[in-house]
Amino acid sequence: MHKGNVKVIVENREDGSKKAFPSKYNVQIPDEFVKKLTGLLGFECVIVTN
């Protein structure tokens, strides 16, 4: 639904390990998408960086 060019990386906060998803899962990050993610995961669990 939000396919784009931004890489998705998930970090395990317990051990600091990170997993980059394959490029087929890249997203675009409009405000609407960020709001959906924070609603689902919580504000502290979503970080958008450049």
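Above this note sits the structure.
Trainee: Outline the packing of aromatic side chains, listing residues and values.
Mentor: Counted according to the given criterion, the structure contains one aromatic pair. Pairing Phe21 with Tyr25 gives two aromatic rings, centres 5.9 Å apart and planes at 90 degrees, and the pair type is edge-to-face. The class for Phe21 is partly exposed, based on a relative accessible area of 30%. Looking at Tyr25, the relative accessible area reads 43%, which means it is partly exposed.

Trainee: Before we move on, can you summarise the pattern of salt bridges with the specific residues and values?
Mentor: Overall, the coordinates contain one salt bridge when judged by the stated rule. Across the pair Lys36 and Glu32 runs a salt bridge whose closest N-O atoms are separated by 3.3 Å. Taken together, the residues span about one helical turn, with Lys36 and Glu32 both in helix H1 (residues 31-41) at a distance of four residues.

Quick notes on the rules
- Residues numbered from 1 in each chain as written.
- Predicted model: local features only at pLDDT ≥ 70, side-chain atom pairs only at ≥ 80, totals over all residues.
- Heavy atoms only, no water.
- Phe/Tyr/Trp six-rings, centres within 6.5 Å; stacked < 30°, edge-to-face > 60°.
- Buried < 20%, exposed > 50% of the residue type's maximum accessible area, 1.4 Å probe, protein only.
- Salt bridge = Lys/Arg side-chain N within 4 Å of Asp/Glu carboxyl O.
- Helix = DSSP H or I, 4+ residues; strand = E, 2+ residues; numbered from the N terminus.

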